[in-house]
Structures are given as structure tokens and as C-alpha cells.
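Coordinates in review
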Amino acid sequence: MRSSCMFLQIMVILFITVTNIGAQTQPLTNKKLLRPFNNTISALFVFGDSTVDSGNNNYISTVIKCNFPPYGRDFLNHIPSGRFTNGRLVTDFAASYIGLKELVPPYLDPKLSLEELMTGVSFASAGSGFDPITAQLSGVIPLQKQLEYFKEYKRRLENAIVEERTKLLISKAAFLDLLAEGARLIGVVGVPPLGCLPVLITLNHHSPLQHRECIDSYSAVGKEYNWHLQNLLKIMRIHGTQLVYGDIYNSLNDMIQNPNHYGFDDVSSGCCGSGLFEAAIFCNPNSIVCNNASEYIFWDAVHPTQATYYNLFRSLRPIIDSVIKQ
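Residues numbered from 1 in each chain as written. Predicted model: local features only at pLDDT ≥ 70, side-chain atom pairs only at ≥ 80, totals over all residues. Heavy atoms only, no water.

Labelled according to an unreviewed UniProt entry, the protein appears under the name GDSL esterase/lipase At5g45960 isoform X2, originating from Nicotiana tabacum.

Rendered as C-alpha cells:
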């Protein structure tokens, strides 16, 4: 669970802005979605870890899976889709808000249609991280392999919609470490107060059952990481490239410090099981689950609930608006 504890350590969102690309958006629920600011975003691609994996780990050989109850309890048709939460992710809310579709599907789903591929997918893999050794030990998809899948994705689209249209689509993409692939709009989300993850409180507090408080030293590491990340993004700016940073540290910290404002009752333990250490296979059909997950900030001992993800999306919406207005 090493990399899973590094919650949102890599969350990269690709906003694709293309006109006349030749494919119409088909929301999974067939509900017509509004497009704020009449935006022309045509696709959204995602790279990262368990916080943005919409089910890729379902299709690889790894124990880091969650395609079983109680995961997905509040998802569409109560299906455990492979998302490490009770419902939708930040990226799902973003895709719906932009007007693309209700859900961002996993790239490895063999049933994806061309329309689904063209409007965006997630390449993320739960348990992944910056260090490829972490992914190797748990048998998940490292960031480097996610990039290879993206290259494969481009070849698939070139065969379907010809090379020039694919180049046009990619040239307006937003993602990290893929400038060589044609990206010109890059969106990166920082890390939250890591010391507030229930599993870290359990493992690092002298009396975690009586006094479940955030571990300040761990949160300080996340804060410093975010500072360095923002400085790095400034250095990386080149002509014709826009880098966008999304802060979730302060928004999640505010939920923890002011839970009543958001409707939360529990800020330091997960809804599943004891809420102290369970995640993935340790949160399973035999686990006791809270009655109302929306009263909890965390679904398991590592990952937020759908309610928390929605609040994080709301905090990121000004950044999203700044992108889609262009």
C-alpha cells in the first residue's frame, strides 16, 4: 500500500480542445449535458494512481483491485466499477461538468467504442506512483507504461480518424511529461495533507484509537512537495505551452478542519470496516460499512468518498473554467 498512501501524488488531466474533429459526445447515461461557456473541449485524458483509476486494474494481474462490494455502493446501478471509492471520482465530475460524458472509462476496457475513446479515457492505475519500482512490486501500471498506452491510443486513433486529425487532437492536450507527444496544455494536481490519511494516523500515532489527529510531519512533506511542484511548473514553461496547477491541499484541509460546513461527521477514519487501516482487498463484502458514506471524508483508510471527491472538484472548478474558457 506504499504508493496508495501517497494519495493523489500523480493526477494529470488532459483537456482536449478540438473543433470539427468529427465525433459527437455520447454520454454514458444518454443524458444531454450542458457545456459551460460553450466550450469546445472534445476529450479528457487522465494519468495517475488509485484516486483517478476508473478500473484499469480490473484488466491486469494484481491484487490491488476493488471490483467488488462494498466499493461502488453509491455508483451507477451500485456497480463496483474498479474505482477506489463508493461512487464517482473527481475526473468523472470534471467530464460531466465540461459536457463530455458522465464517466471517464478505463482505457483497458476492451468494450470501449471509438466514440468513447475519442471523448477521453483514464490511463491511471491504482498503486502506481512516480517510482517505477513501487508499481513493479505490486504488479500495476507505472507512469511510464501509462505513457506507452497513450502512444498506443494515438496509433489506434490514427487508424480510425487519419493521422492529421489525431495530431490536431493531441496538439491541444493537457498532460505532464508528454510534451514530446505534442501536448501544449498541461494540468497537474498537487497532493493533499498526507498526514490526515486514516491509515497514516493509525500507523504513526502513539494512541490512534483515542486521539486520531493528523500527523503534521507527513502533511508538511506534502506541503513542501506542492511548493516544489509549482516552482518546477514555472521553470518548465516554454513558448506555446500552458501549465496549470490545481491545489487540493487547502480544500481537503478545510474539510477536515471545518467538517460541519461540508456535512461531514467523521474526518479521521474510513466508512469501510474499522476505518483505521482497510483498503483494497481488506475492504470487502465481509466488511462492516457505515450507513451514510456522505458523512465521511474517507471511504476506506486511504481513499476519499464520492462526497469528498465532489467537494475537491468544486474547489478545482475555477481552474477548469480558466481552461475551458480559452
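Next comes the rest of the write-up.
Focus on the overall build of the protein
Rules: Elements are defined by DSSP. Helices are runs of H or I of four residues or more, strands are runs of E of two residues or more, and each kind is numbered from the N terminus. For each residue, the accessible area found with a 1.4 Å probe, counting protein chains only, is set against the maximum for its type, and the residue is called buried under 20%, exposed over 50%, and partly exposed in between. Here the open area of atoms and residues is found with the Shrake-Rupley method and a 1.4 Å probe, where only the protein chains shown may cover a residue.
Within the protein, the secondary structure is distributed over 10 helices and six strands. Counting only residues that meet the buried cut, the protein has 58% of its 326 residues in that class. Here the protein has roughly 14300 Å² of accessible surface; of this, 53% comes from carbon and sulfur atoms.

Description of the packing of helix H8 (residues 249-257) against helix H10 (residues 306-324)
We count it as follows: Orientation is described by axes fitted as lines to C-alpha atoms, over the contacting stretch for helices, and by angles from 0 to 180 degrees between their N-to-C directions. Comment on the angle field: the value is read as roughly parallel under 35 degrees, roughly antiparallel over 145, roughly perpendicular from 65 to 115, and oblique elsewhere. Two helices crossing with the near one rotated counterclockwise from the far one by less than a right angle form a left-handed crossing, whereas a clockwise rotation gives a right-handed crossing. Contact criterion: two residues are considered in contact whenever any of their non-hydrogen atoms come within 4.5 Å of each other. Lys, Arg, Asp and Glu make up the charged group, whereas Ala, Val, Leu, Ile, Met, Phe, Trp, Tyr, Cys and Pro make up the nonpolar group; the residues left over, Gly among them, are polar.
One way to put it is that H8 packs onto H10 with a least axis distance of 9 Å and a crossing angle of 130°. Between H8 and H10, the angle falls in the class oblique. In this structure, H8 meets H10 at a crossing whose hand is right-handed. Residue-level contacts link Ser251, Leu252 and Met255 of H8 to Thr308, Asn311, Leu312 and Ser315 of H10. Residue composition of the contact of H8 with H10, grouped by class: three nonpolar, four polar and no charged.

Brief notes about the packing of aromatic side chains
Basically, it comes down to this: The rule is short: rings of Phe, Tyr and Trp, with Trp giving its six-membered ring, pair when the centres are within 6.5 Å, and they are stacked under 30 degrees, edge-to-face over 60, tilted in between.
Within this structure, the stated rule accounts for 19 aromatic pairs. Relative to phenylalanine 84, the ring of tyrosine 71 lies with its centre 5.8 Å away and its plane at 65°, an arrangement referred to as edge-to-face. On the criterion of sequence distance, the pair formed by tyrosine 71 in the loop between strand S2 (41-48) and helix H1 (90-98) and phenylalanine 84 in the loop between S2 and H1 is long-range, its members being 13 residues apart. The pair tyrosine 71 / phenylalanine 84 is uniform in exposure class, with both members buried. Centre to centre, the rings of tyrosine 107 and tyrosine 149 are 5.7 Å apart; their planes meet at 55°, and the pair counts as tilted. Within this pair, whereas tyrosine 107 is found in the loop between H1 and helix H2 (114-118), its partner tyrosine 149 is found in helix H4 (residues 143-161), the two being separated by 42 residues in sequence. Considered together, tyrosine 107 and tyrosine 149 belong to a single accessibility category, that of buried residues.

Quick notes on the packing of H1 against H10
Between H1 and H10, the shortest axis-to-axis distance is 8 Å and the interhelical angle comes to 45°. When the axis of H1 is compared with that of H10, the two are oblique. For H1 against H10, the interelement crossing comes out right-handed. Contacts from Val90, Phe93, Ala94, Tyr97 and Ile98 in H1 reach Gln306, Tyr309, Tyr310, Leu312, Phe313, Leu316, Arg317, Ile320, Asp321 and Ile324 in H10. For the contact of H1 with H10, the residue count by class is 12 nonpolar, one polar and two charged.

With respect to the environment of glycine 87
By the element assignment, glycine 87 lies in the loop between S2 and H1. You can call glycine 87 buried: its relative accessible area is 2%. Ignoring anything within four residues of it in the chain, the contact list for glycine 87 reads Asp74, Phe75 and Gln306.

A closer look at the nonpolar core
Here is the rule: Nonpolar core, defined: a set of buried Ala, Val, Leu, Ile, Met, Phe, Trp, Tyr and Cys residues in which side-chain atoms within 4.5 Å join the residues together.
Core analysis: the largest hydrophobic core is formed by 71 residues, its most contacted members being Tyr71, Tyr107, Phe123 and Tyr153. Among the secondary structure elements, those contributing two or more residues to this core are S2, H1, H2, H4, helix H6 (198-204), H8, strand S6 (296-298) and H10. Once you skip the residues sitting within four places of it in the chain, phenylalanine 123 turns out to touch Phe45, Val46, Phe47, Asn56, Tyr107, Gln146, Tyr149, Phe150 and Tyr153. Among the nonpolar cores identified, the runner-up in size contains six residues, and Ile186, Val188, Leu229 and Leu233 belong to it.

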